[in-house]
Each structure stands twice: as structure tokens, then as C-alpha cells.
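Report on the structure
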Amino acid sequence: MAEFILEAEAVEYSYPDGTQALRKIDMAVTKGQKVAILGSNGAGKSTLFLHLNGILRPAGGKIRYKGRDVLYTAAGLRELRTKVGIVFQDPDSQLFSASVWQEISFGPLNLGLEKREVKERVLKAMAETEIEDLADKPTHMLSFGQKKRVAIADILAMTPKVIIFDEPTAWLDPRHAREFMQLLDRLAATGRTIIISTHDVDVAYAWADNILIMNHGQVVASGVPTEVFRHTDQIKAADLALPWLVEMHGELMRRGWLKPDAPLPRSKEDLFIQQHIVSGIR
Amino acid sequence: MFDLDTYAYTNRWIKIHPLEKFVFALATMLVCLISPSVVVVWAVLLLMTVASTKGAGTPVWHFLRFMMIPFSFILTGVLTIAFSVSHDPGGFLFGFTFGSITVGASQANLMKAGFILFKSLGAVSCLYFLSLTTPVLEVISVLRKLKLPSLFLELMGLVYRFIFVLMDTTALIRMSQSSRLGYASAKNTFRSLSQLISSLFVRSFHRAGELAIALTARNYTGEIRTLEKEYPVSKRNYAVILGIELGLLLLNFT
Ligand SMILES: Nc1ncnc2c1ncn2[C@@H]1O[C@H](COP(=O)(O)OP(=O)(O)OP(=O)(O)O)[C@@H](O)[C@H]1O
Ligand SMILES: [Mg+2]
């Protein structure tokens with residue numbers, strides 16, 4: 001059996017004003033996977049994330065890290081927050097310092113590391129997010145995409161095992177969104193577990209190893225991308241669209257332009273190859 | 001003010017240790033304030049102008065424009081020293097007589113006013129030099145070395161950072177209001193402004209909450225500690241500063 005690094009079991013949570021944000025959420029994240037959580041506005045994605053890092057404590061149910069229940073003590077939370085980092089959606093809310101260098105050093109210093117070690121980690125995090133040339137720039141002179149990278153470096157410098165990104169591509173233009181997803185791929189390639197939330201079904205479909213679909217505080221479907229989008233009714237009920245590749249595949253199939261057993265394509269190229277096979281060009 | 005901030009990050013002396021710039025600015029200001037000779041005050045003005053423009057690279061024209069901002073305040077201040085009211089118009093160089101009283105300026109008072117004017121400008125030029133060459137966070141790090149309370153310094157840092165965030169927010173709200181004719185008439189302007197201010201308040205609270213969450217997620221436990229940038233310490237610079245200050249003091253005896 002695969003090893004689960006992070007699990008939520010029947011997690012429930014209501015905000016003080018009575019909004020039931022999470023209703024018995026179950027999820028299990030396998031170590032080293034790329035997971036996308038899909039859901040429309042208000043589905044409860046951000047609330048779930050705050051639970052995974054111990055900011056919010058579930059009213060019912062449990063959060064587990066590496067199979068062990070999270071302890072809600074100072075030491076237990078410290079441990080969890082060292083292992084699970086969150087990159088927040090709005091970098092202007094996350095970045096507290098006017099200096100990029102000071103900003104990134106905050107997290108590792110909180111881990112009680114030596115100055116020399118902190119310095120090394122800051123440099124490494126800046127190299128990984130390709131922002132070395134921003135070290136001397138003040139935060140308020142950066143572009144949105146640059147701030148976003150600084151926000152990631154913030155978390156990388158703490159070397160967590162799991163990194164959570166709340167809506168990483170929101171407000172980015174297509175080119176920067178693509179570069180951003182490549183950055184996430186590079187981070188995943190180093191063995192880190194990556195969880196993102198998004199409204200963008202195409203991004204989730206092409207990028208993720210595993211997808212969770214949320215609606216009204218519940219998980220309505222989960223599984224590998226090529227499986228999860230077969231639950232067309234749940235997808236529609238969750239106010240989401242089908243990825244265009246899935247839609248295209250269905251349409252081509254209906255017209256008999258694809259072989260009846262052609263699997264769901266994961267990329268444009270996959271689909272073209274299937275087409276070629278049928279049309280006999282190759 | 002925001003030009004000032006830009007120069008602080010882009011000037012030619014950015015790589016010099018902030019403590020050296022701090023010491024230079026404050027020591028010169030002190031010399032300027034305690035010197036009885038107007039020659040010293042002129043020398044300080046000239047020195048700071050040259051250091052900020054020729055040295056750090058602020059365009060002369062901009063430096064003079066910055067100096068004009070406090071100039072008008074100082075001028076109105078010293079006018080009250082230059083002019084006095086008297087029944088006897090004899091002692092005044094020039095004056096205006098209204099019935100039995102005369103408002104006028106005597107030579108001694110004019111000299112005194114001029115001296116204070118230059119002295120104030122000299123002191124101000126020292127502070128401008130510091131603001132134009134040293135980013136706010138570096139000034140804060142100097143103050144930290146001088147053992148000011150860390151809570152106070154953390155607040156300074158956060159306020160500085162969020163001034164810019166709040167400015168962006170203000171610009172966005174204003175734009176969206178203007179696009180709906182929010183500032184088309186006096187009445188609209190009044191209403192839009194009150195709404196702008198109240199929504200800025202609400203958003204600031206919201207931001208504060210989000211910031212607290214984001215800091216907690218990075219193991220914040222009540223104290224903001226960060227790595228400060230390291231600068232090479234130059235003994236030569238300190239020697240130059242000492243030489244300049246001694247020279248300025250000696251000018252008092254000429
Ligand atoms: N601080 C809060 N107080 C009260 N209710 C809240 C609070 N934060 C979120 N909620 C409510 O909880 C529900 C879930 O919100 P959440 O922010 O987790 O959704 P989300 O999936 O992240 O949505 P989005 O895609 O818009 O970011 C929503 O109904 C929201 O209105
Ligand atoms: Mg959200």
C-alpha cells in the first residue's frame with residue numbers, strides 16, 4: 001500500500017458566524033504526488049488548507065501527518081508547520097517585509113537555525129524560484145508574478161515535505177501561469193508533495209496525479225484525472241466544466257472518429273496521436 | 001515622498017554600510033546645530049548637497065526641489081523672528097507704520113532670522129542625505145543596533161510595508177469609483193471619499209487578519225526576527241567622516 005503523508009478523516013468545521021465550511025471531508029495524499037483540489041468559489045478549499053497546516057482545528061474528525069494524529073500543542077503545531085507549508089493566494093497578505101531578503105529569512109529563523117544555515121537556505125530558495133536578482137529590491141517594487149515567487153521562496157526556505165498552494169495561477173497571465181506550473185513540476189520532481197487548489201479544470205487535468213472535487217464543503221469525487229471526470233453529473237453539480245480534452249474526446253468518440261477503446265488523452269499531443277491512428281495517416 | 005523612497009534604493013551609495021551614512025548625517029547635523037558661525041552652516045549645506053548629488057547621484061534639480069518643501073515652512077517660522085512691533089520706528093531698517101505702532105525689521109533681527117533659516121536648512125539637508133541614500137529598513141536596522149525597543153521597530157517595518165499595499169488599494173478603489181462618476185461633482189466627491197475611507201478601514205482589518213494567519217503558518221510566535229543584510233565596515237569611511245566633522249568645527253574659528 002502507498003504511504004499517505006497527509007490525511008483528513010471526517011473533518012468538520014463551521015466558522016463562528018455559523019457557516020458550515022467543511023462537512024465530513026475525507027482525503028488522503030500519497031507522498032510525492034501532485035494533487036489538485038477543484039471547486040467553485042466558497043467550496044471550502046481554503047478552509048481545508050488552513051486545517052492541513054494547523055491554523056484551524058477541526059470541530060470533528062482528524063488530521064494526520066505520516067499516519068500520526070496532529071497534536072494541537074505548541075510543539076505539535078510547530079512540527080506540523082515545519083513539514084507542511086502554505087503559499088497563500090494573495091502575496092500582498094503574506095509578504096510582511098519590505099525587503100525580499102529579510103522576508104525569506106523569517107521562516108527558517110523561526111525554526112531556530114544558525115544564521116549561516118539560514119543564509120544558505122535563503123540563497124537556495126531564491127535560486128530555486130529564480131529570483132536571485134531581486135535580493136536587493138524592495139517588495140513594493142516587484143510585479144505581481146515576482147511577489148508570487150517570493151511567497152514561494154518564503155516557504156521553500158523552511159524545507160517542508162508538503163507544499164500547499166492556494167490558487168497559484170489566479171491573476172497570472174497565461175505565459176506566467178504556464179511558467180508557474182513548470183516551477184511546481186520542478187518542485188515536485190525533487191520529491192516534495194504538492195497540493196494546489198484551482199478553478200481551472202484544464203490545468204488540474206493536465207498537471208495533477210490525483211484530483212479531488214469539492215462542493216459545499218464536501219468531497220464529491222476523487223481519483224486519477226482520467227477517472228474522476230467520468231462523473232459528469234457531480235462535475236456539473238459542483239459548478240465546474242469538463243476539461244476541453246475530455247469534452248473533445250467524448251465528442252470525437254460519439255462521431256466515431258476515435259477508436260471505441262481510445263483512452264482519455266492527457267494532452268493535446270495524445271489526442272492528435274489517437275486521431276492519426278484512426279485516420280490512418282501514420 | 002515616494003521619489004525619496006526610490007532614490008533610497010537606487011542611489012550610488014547603496015552598498016555603503018548604513019551605520020556609516022547614519023553617523024555621517026547625524027554628526028554633521030549636530031555640528032551644524034551647535035556651531036555659532038554661519039560659515040559652518042553654509043559649509044554643511046554645500047557638503048550635503050554635493051554628497052547627495054555628486055556622491056549618491058540624486059539629480060541636483062530634484063535635490064533642490066526636495067529642499068524647497070521644508071523651505072516654505074521654515075521661512076514663515078523665521079519671519080516672526082525677523083519682524084517685530086514697536087512704538088519707535090527708529091531702530092528698523094524698514095517697516096510699516098500703522099498709527100502709533102510700527103512693524104519692522106532691525107538689522108540684528110534680520111541677521112538672526114537669516115542665521116536660523118540657514119541653520120534649519122542645513123539640518124534638514126543632513127536628514128535628506130540620509131533618506132536619499134539609505135532605505136527605511138536599513139535605518140531601522142541601525143536603530144536596532146542602537147538598542148531601540150524591538151516592538152517599536154517591528155511596527156515601523158510593518159507600517160512601512162503596508163503603506164504601499166494600502167496605497168495600491170486606494171488607487172484601485174478610486175479608479176473604480178471614478179469610472180462610475182464618483183468624483184464628477186462636489187456632492188459625489190464627498191460621498192465617494194467617505195466610502196473610500198471606510199472601505200480602506202475594513203480592508204486594513206481584513207489584511208491584518210490575513211497577515212496574522214500567514215505569519216502563524218510560518219511558525220510566528222510573537223517576535224519577528226529576520227536576517228539583516230551584511231555590509232562591509234570601512235575604517236577609511238569613519239576616518240573621512242571624523243576628518244570632515246573636525247574640519248567643520250575648526251571653521252568656527254575663522
Ligand atoms: N473568516 C470567515 N468567516 C466566516 N465564514 C467564512 C470565513 N472564511 C470563509 N468563510 C465561508 O466558508 C465557506 C468556504 O470558504 P473557503 O474560503 O474555504 O472557500 P474556497 O473554496 O477557498 O473559495 P474560493 O475559491 O472563493 O477561494 C464559504 O461559504 C465562505 O463564505
Ligand atoms: Mg479560497
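Since we're looking at a predicted model, the values are computed, not measured. (Residues numbered from 1 in each chain as written. Chains lettered and ligands numbered in written order. Predicted model: local features only at pLDDT ≥ 70, side-chain atom pairs only at ≥ 80, totals over all residues. Heavy atoms only, no water.)

Residue and element names in this part refer to chain B. Side chains of Leu30, Leu33, Ile34, Leu242, Leu246 and Leu249 sit close together on the surface and give an oily, nonpolar patch of about 580 Å² of accessible area. Of all elements in the fold, only α2 (18–34) and α9 (235–251) reach the threshold of two or more residues within the nonpolar patch. With respect to the helices and strands, the residue Leu246 is situated in helix α9. Residue Leu246 is classed as partly exposed on the basis of its relative accessible area of 47%. (Patch = residues over 30% accessible without salt bridge, like charges linked within 9 Å, V, L, I, M, F, W, Y side chains within 5 Å. Areas by Shrake-Rupley, 256 points an atom, 1.4 Å probe, with all protein chains shown as cover. Salt bridge = Lys/Arg side-chain N within 4 Å of Asp/Glu carboxyl O. Helix = DSSP H or I, 4+ residues; strand = E, 2+ residues; numbered from the N terminus. Buried < 20%, exposed > 50% of the residue type's maximum accessible area, 1.4 Å probe, protein only.)

Attention now goes to the interface of chain B and chain A. Of the residues lining the interface, 30 residues belong to chain B; the matching set on chain A comes to 38 residues. In this assembly, chain B packs against chain A so that about 3200 Å² is buried in total across both faces, 59% of it on carbon and sulfur atoms. When the buried surface of chain B facing chain A is broken down by residue, Arg161(B), Arg218(B) and Leu227(B) rank first, second and third, together holding 29% of it. Summed over the shared surface of chain B and chain A, the number is 7 salt bridges. With a closest N to O distance of 2.6 Å, Glu103(A) and Arg218(B) form a salt bridge. In this structure, the connection of chain B to chain A is made through 14 residue pairs in polar contact (both at pLDDT 80 or more). Taken together, the elements giving at least two residues each to the side of chain B that touches chain A come down to α1 (2–10), α7 (150–178) and α8 (186–217) of chain B. (Contact = heavy atoms within 4.5 Å. Buried area = accessible area lost by both parts, 1.4 Å probe. Polar contact = N/O pair within 3.5 Å; in protein donor to acceptor, adjacent residues only side chain to side chain.)

Residue and element names in this part refer to chain A. The strand order β2-β1-β4-β5 describes an open sheet built from 4 strands, whose pairing is antiparallel. Because the sheet does not close on itself, it has two edges, and the strands there are β2 (20–30) and β5 (68–69). Pairing of strand β1 (residues 4–14) with strand β4 (residues 60–65) involves 5 bridges; the strand directions are antiparallel. Bridge pairing in β4 links Glu7 to Arg64. Sheet strands in contact with helix α1 (residues 45–52) are β1, β2 and β4, and its direction is about 60° off that of β2. (Pairing = 2+ DSSP bridges. Axes fitted to C-alpha atoms, helices over the stretch in contact; angles between N-to-C directions.)

The quantities given are spatial measurements derived from coordinates; they are silent on function.
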